[in-house]
Amino acid sequence: MKGEKDITELQKICLEVRKDIIRMLGEAGSGHPGGSLSAVEIVVSLYFSVMRHRAKEPNWKDRDRFILSKGHCCPLLYAVLAKCGYFPAEKLLTLRKLGSPLQGHPHNIELPGIEASTGSLGQGLSVANGIALAGKLNKKNYRVYCLLGDGETDEGQVWEAVMTANHYHLDNLCAIVDRNRLQIDGNTEDIMHLEPYPEKWKAFGWKVIEIEGNKIEEVLSAYRQAEKIKGKPSVVIAHTIKGKGVSFMENRVEWHGKAPKKEETEKALEELNAAVSLRTK
Amino acid sequence: MELESTRDGYGEGLLKLGRENKRVVVLTADLGESTRSHWFQKEFPERFFQMGIAEADMIGTAAGLALSGKIAFVSDFGVFVTGRVWDQLRVSIAYNNANVKIGSTHCGITVGADGATHQAIEDIALMRVLPNFTVIVPADAIEATKATIAASKINGPVYIRLGRASLPIITKETAEFAIGKAELLKEGKDLTVIACGIMVHQSLEAANVLEKKGIFARVINLHTIKPIDREIIINAAKETGAIITAEEHQVMGGMGSAVAEVVMENCPVPMKRIGILDSFGQSGKPEELMREYHLTADDIVKEAQNILKRK
Ligand SMILES: Cc1ncc(C[n+]2csc(CCOP(=O)(O)OP(=O)(O)O)c2C)c(N)n1
Ligand SMILES: [Mg+2]
């Protein structure tokens, strides 16, 4: 899938994915819009420009791997996987329903394209490390990407994994932190102080790349930069807006984990459609 | 009598596996020597991962290695590799059906002087409730080696419960070991003693004492707690009419509970579970602790005589 798409094309895909997320959550009646919307550019860039992967051959040995450590944001991943052709887009509306492979948090046995089951926060980076270590052992040159929430990094296990990646010089690993500054109960700095944040990662031996995470150009250039770093892992600290793209959700903590009602869904889709037509003008 | 710990048997198993299967990797959290993984480390340093004192991360890393085609053996103390990381076992390993084997040493009170913090006596209960996990409790070092090798041959998570104490060798090198297939060690018609781990040896001793009193006890080594060998249990209930279980573990949720579930649903007969009764362990010599917590052959003899009155 490594055909480069231009920036406008990627921005268009981002809008489509945002619409899918809203539709899915509206239909499901529950789920997590805020952190799904904030990370759209981060994940779309990976699947449509950066990663080598094959939708029709999800277990292709040489694929780059993506682990969604913040599993609650799976509507985003599902929407992107469907757009890539991993499964038919109709399936998206089965999210969170009985018997659906689109579980409320991702399950790798149910759905091709999911590398690891997640949902209990703080575990994904360790799994990503294991996959990166196996890559080194097997002399494969695949890369491993792992997306974490900023609140998620309250977890001690994340910092164990941060040490491990440094200890084993996992330069085939790139972590991305969605630094939207919100978690469930409020602002990250009020819940559990994270700053000085980049300095923490640096002190643990990582290459730190800070960007505006809702700007495709910056996201792409961060991944390119990370690919060139040798001997240590890289982290992209992506400053984003939680709920990005839907005005009434943006930066609002209450939109972490509730689905839009019918009118809210329509209003959100209207906004996103308006943005689409603005783009295509 | 030859003495060896089940952790030694595990370490030997890892070494054999390392030689015959390049997919095997081993991880530990600063307990390489204590878990006998250092033998593997010495011969295969590139396939050995020292993870520091960070058990949660170790479980996740093992899952990632397994999801990438490795057979990952995690070597650590029973207390730290079960309860402390139970959610990581549940999500990163069990829910992924990741091909990870947990070599859990220092289980049971025979850990001895280190005391309660280091004596895993809840681990069977914690592990057998996790979907996809196989749970094995070898009875001696020979069986531990066989269990380690057998675990590598099935695809999916396996928990192997091991001990620190030196134990008599009671199984034969030539005996077949099949996961899920319990071993009949001694025939008997009056009652059945079903045991695992260190208690298998105690049960055989008890059966010999009972025989002198004219009581013939069947003895079964239930080395696999999950999937459980229903057939051998049901037959024992039907043919001997009374069952005693013996384990170096809490009776609540442990091997005896697993046996009781099968007996109760299929052919209820009088049962008695021998094990630790809703308490922590404590410091002491292994033999002292076995007496203190009523885990000796004498205790089994006593309970056998009691249960016959309930038949
Ligand atoms: C171990 C664990 N504890 C608690 C939760 C409940 N939970 C779900 S999302 C969340 C907040 C996550 O915030 P953040 O990582 O910042 O994610 P984002 O803002 O990107 O949605 C919490 C506490 C969980 N899923 N896992
Ligand atoms: Mg956040």
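The present account deals with the structure reproduced in this document. Treat the numbers as computed from the prediction; the structure is a model and nothing was measured.

Focus on the overall build of chain B
Part 1: A tally of regular secondary structure across chain B gives 11 helices and 14 strands.
Part 2: Taking 19 Å as the expected radius of gyration for a compact globule of 311 residues, we find that chain B reaches 19 Å, a close match to that expectation.
Part 3: A principal-axis box enclosing the C-alpha atoms of chain B has dimensions of 60 × 40 × 35 Å.
Part 4: Of all 311 residues assigned to chain B, the portion counted as buried reaches 66%.
Part 5: Long-range pairs, those at least 24 residues apart, make up 79% of the contacts in chain B between residues at least 6 apart in sequence.
Part 6: As displayed, chain B has an accessible area near 11700 Å², and 51% of this comes from carbon and sulfur atoms.
Part 7: Within chain B, the 39 negative side-chain charges are centred at a point lying 3 Å from the centre of the 35 positive side-chain charges.

A short note on the nonpolar core
Part 1: In terms of nonpolar packing, the biggest core is built from 84 residues, with Leu125 and Trp201 of chain A together with Leu27, Ile102 and Val259 of chain B touching the most fellow members.
Part 2: With sequence-adjacent residues up to four places away left out, leucine 125 of chain A is seen in contact with Ser69, Cys146, Leu148, Val158, Ala161, Val162, Leu173, Ala175 and Trp206 of chain A.
Part 3: Formed by 62 residues, the second largest nonpolar core is a distinct cluster that contains Cys14, Cys84, Tyr86 and Trp255 of chain A.

Remarks on the packing of aromatic side chains
All names here are of chain A.
Part 1: One pass over the full model with this rule turns up 11 aromatic pairs over all chains.
Part 2: Ring geometry for tyrosine 47 against phenylalanine 66: centres 5.8 Å apart, planes inclined by 80°, an arrangement best described as edge-to-face. Taken together, the residues span a long stretch of sequence, with tyrosine 47 in helix α3 (residues 40-50) and phenylalanine 66 in strand β1 (residues 65-68) at a distance of 19 residues. There is no split in this pair, since tyrosine 47 and phenylalanine 66 are both buried.
Part 3: Relative to tryptophan 206, the ring of tryptophan 201 has its centre 5.0 Å away and its plane inclined at 75°; by these criteria the two rings are edge-to-face. With respect to class, tryptophan 201 is no different from tryptophan 206; both count as buried.
Part 4: Ring pairs connect the aromatic residues Trp159, Tyr197, Trp201, Phe204 and Trp206, which therefore count as one cluster.

Some remarks on the side chain of glutamate 189 of chain A
All names here are of chain A.
Part 1: Structurally, glutamate 189 can be placed in helix α7 (residues 188-191).
Part 2: Among the polar contacts made by the side chain of glutamate 189, one reaches the main-chain amide nitrogen of leucine 194 at a distance of 3.1 Å.
Part 3: Contact partners of glutamate 189, with chain neighbours within four places excluded, come to Arg179, Arg181, Leu194 and Glu195.

A word on the pattern of salt bridges
Part 1: Applying the stated criterion across every chain yields a total of 28 salt bridges over all chains.
Part 2: The shortest N-O distance in the salt bridge between lysine 153 of chain B and glutamate 20 of chain B comes to 3.6 Å. With lysine 153 of chain B in helix α6 (residues 141-153) and glutamate 20 of chain B in helix α1 (residues 6-20), the pair connects residues that are 133 residues apart, well separated along the chain. Exposure class is identical for lysine 153 of chain B and glutamate 20 of chain B. Each is exposed.
Part 3: Across the pair lysine 186 of chain B and glutamate 211 of chain B runs a salt bridge whose closest N-O atoms are separated by 2.5 Å. With lysine 186 of chain B in strand β9 (residues 183-186) and glutamate 211 of chain B in helix α7 (residues 199-212), this residue pair connects regions lying 25 residues apart in the sequence.
Part 4: Here lysine 186 of chain B falls in the buried class, since its relative accessible area comes to 18%.
Part 5: Judged by relative accessible area, glutamate 211 of chain B falls into the partly exposed class, the value being 35%.
Part 6: Ionic contacts of the salt-bridge type, sharing partners, join the residues Asp150, Arg179, Arg181, Glu189 and Glu195 of chain A into one network.

The rules behind each value
- Residues numbered from 1 in each chain as written.
- Chains lettered and ligands numbered in written order.
- Predicted model: local features only at pLDDT ≥ 70, side-chain atom pairs only at ≥ 80, totals over all residues.
- Heavy atoms only, no water.
- Helix = DSSP H or I, 4+ residues; strand = E, 2+ residues; numbered from the N terminus.
- Rg over C-alpha atoms; globule rule 2.2 N^0.38 Å.
- Buried < 20%, exposed > 50% of the residue type's maximum accessible area, 1.4 Å probe, protein only.
- Contact = heavy atoms within 4.5 Å.
- Areas by Shrake-Rupley, 256 points an atom, 1.4 Å probe, with all protein chains shown as cover.
- Lys, Arg positive; Asp, Glu negative; His and termini not counted.
- Charge placed at Lys NZ, Arg CZ, Asp CG, Glu CD.
- Core = buried A, V, L, I, M, F, W, Y, C linked by side-chain atoms within 4.5 Å.
- Phe/Tyr/Trp six-rings, centres within 6.5 Å; stacked < 30°, edge-to-face > 60°.
- Polar contact = N/O pair within 3.5 Å; in protein donor to acceptor, adjacent residues only side chain to side chain.
- Salt bridge = Lys/Arg side-chain N within 4 Å of Asp/Glu carboxyl O.

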